[in-house]
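Report on the structure
Listed below are the residues making up each chain.
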Amino acid sequence: MNRLNKEQNLGEVVAMFPGAARIFNKEGIDYCCHGDRTLESALLEKEIEVIGFLNEINKSYDEFLNSKEAYIDWRKEDPNKLIENIVDTHHAFTYRELIEIDQLLLKILKVHYHHSGEELKTVHKLFGALKTELEEHLIKEEEGLFPMIKEYFKNPSEELRDSIMKLVGVIENEHTGAGHILQDLYRETNGYKTPEGACTTFNLVYKKIDELEKDLFIHIHKENSILFKII
Ligand SMILES: [Fe+2]
Ligand SMILES: [Fe+2]
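Quantities reported herein were computed from a predicted structural model and do not represent experimental measurements.

Digging into the coordination of the iron ion (ligand 2)
Octahedral metal centres with six donors ideally show angles of 90 or 180 degrees, and tetrahedral centres with four donors ideally show 109.5 degrees. Protein coordination at the iron ion (ligand 2): the donors are His-137 (NE2), Glu-141 (OE), His-175 (NE2) and Glu-223 (OE), at 2.0 to 2.2 Å from the metal. Here the iron ion (ligand 2) is ringed by four donor atoms whose angles at the metal span 85 to 168 degrees, and the overall shape comes out irregular. Between consecutive donor residues of the iron ion (ligand 2), the sequence gaps follow H-x3-E-x33-H-x47-E. A gap of 3.2 Å separates the iron ion (ligand 2) and the iron ion (ligand 1), which Glu-141 links by coordinating each metal. With His-137 and Glu-141 both in helix α7 (residues 119-154) and four residues apart, this pair spans about one turn of that helix. Summarising the burial analysis for this pair, His-137 and Glu-141 share the class buried.

Looking at the packing of helix α8 (residues 158-188) against helix α9 (residues 200-226)
Following both chains from N to C, one finds α8 and α9 inclined at 155 degrees, their axes separated by 11 Å at the closest point. One finds that α8 runs roughly antiparallel with respect to α9. For the pair α8 and α9, the crossing hand works out as left-handed. Touching Glu-172, His-175, Leu-182, Leu-185 and Tyr-186 of α8 are Ile-209, Glu-213, Leu-216, Ile-220, Glu-223 and Asn-224, all from α9.

Here's the deal with the pattern of salt bridges
A full pass over the atoms with the stated rule returns 16 salt bridges. Between Arg-22 and Glu-213 there is a salt bridge, with its nearest N and O atoms 2.0 Å apart. Of this pair, Arg-22 sits in helix α2 (residues 20-27) while Glu-213 sits in helix α9, placing them 191 residues apart in sequence. Overall, the relative accessible area of 2% leaves Glu-213 in the buried class.

Points about the packing of α7 against α8
Two numbers describe how α7 lies on α8: the axes approach to 9 Å, and their chain directions differ by 160 degrees. By the angle between their axes, α7 is roughly antiparallel relative to α8. The way α7 lies across α8 gives a crossing that is left-handed. Among the residues making up the contact of α7 with α8, the classes are represented as 20 nonpolar, five polar and nine charged.

Let's talk about the coordination of the iron ion (ligand 1)
Those donors, His-91 (NE2), Glu-141 (OE), His-219 (NE2) and Glu-223 (OE), are the protein atoms that reach the iron ion (ligand 1), and they lie 1.9 to 2.2 Å from it. Going along the chain, you hit the donors of the iron ion (ligand 1) in the pattern H-x49-E-x77-H-x3-E. Using a relative accessible area of 0% as the deciding quantity, one classes Glu-141 as buried. On the accessibility criterion, Glu-223 (0% relative accessible area) is buried.

Brief notes about the packing of aromatic side chains
Enumeration according to the criterion identifies six aromatic pairs in this entry. Relative to Tyr-61, the ring of Phe-17 has its centre 5.5 Å away and its plane inclined at 50 degrees; by these criteria the two rings are tilted. Of this pair, Phe-17 sits in the loop between α1 (10-16) and α2 while Tyr-61 is found in helix α4 (residues 50-66), placing the two residues 44 residues apart along the sequence. Taking relative accessible area as the criterion, Tyr-61 reaches 3% and is therefore assigned buried. Measuring from centroid to centroid gives 5.4 Å for Phe-17 and Phe-64, while their planes differ by 40 degrees, and the two rings are tilted. Placement of the pair is Phe-17 in the loop between α1 and α2 and Phe-64 in helix α4, with a sequence separation of 47 residues. For the pair shown, Phe-17 and Phe-64 are each scored as buried. What links up through ring pairs into an aromatic cluster is the set Phe-17, Tyr-61 and Phe-64.

Rules used throughout
Residues numbered from 1 in each chain as written. Chains lettered and ligands numbered in written order. Predicted model: local features only at pLDDT ≥ 70, side-chain atom pairs only at ≥ 80, totals over all residues. Heavy atoms only, no water. Donors = N, O, S within 2.8 Å, 3.2 Å for Na, K, Ca; no water. Tetrahedral: all angles 85-135°; square planar, octahedral: opposite > 155°, others 65-115°. Helix = DSSP H or I, 4+ residues; strand = E, 2+ residues; numbered from the N terminus. Buried < 20%, exposed > 50% of the residue type's maximum accessible area, 1.4 Å probe, protein only. Axes fitted to C-alpha atoms, helices over the stretch in contact; angles between N-to-C directions. Parallel < 35°, antiparallel > 145°, perpendicular 65-115°, else oblique. Left-handed = near helix turned anticlockwise from the far one by under 90°. Contact = heavy atoms within 4.5 Å. Salt bridge = Lys/Arg side-chain N within 4 Å of Asp/Glu carboxyl O. Nonpolar A, V, L, I, M, F, W, Y, C, P; charged D, E, K, R; others polar. Phe/Tyr/Trp six-rings, centres within 6.5 Å; stacked < 30°, edge-to-face > 60°.

Honestly, it's all geometry; don't read function into it.
Okay, structure coming up:
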């Protein structure tokens, strides 16, 4: 069984288990700018009990590994098949949901404008930023990075590998950026909890953003921790 351990650095933990980002965020652990620190040193600094934390995070990690999506061991599959899976399932889902959620958000913003307070306006802004970032990101992968990776597996060369790794750096930064917006959304919505008595559309929108986030975690995991590691 794969386990996360205290000697791993924070960046590595998030690469293996994207859901760790939310856990770190909850504890105020900065895995992004201080991703080179070990998990142990970050926990000690925050005075968090190491063994208890490791048990909890490994429980979530097991659930993630056992979830239907993460179950296929993509490391053993043809990379072209992995790329196809990423584009056909995760990219298709993300494009569709970004548009649907955007329209639904606009609808509830209009209906609840006078009595929703600041929360909906902030969510609308954050989601708009996420949509813009992600749409360009998906296209960058489909039109730029993925064709280069496919070509590399057909005709490998050091030169092509260097260009790919440069672009991978950009792509990974964008993953981190999207992760930050998702954290803000999670915080602003209190973990996607709608106010009491919220209408059906309101509940639906938060549920959809929650599902989009879960899919993005699996999606980014496949890219950062599997596809980019086999190049
Ligand atoms: Fe992607
Ligand atoms: Fe990506």
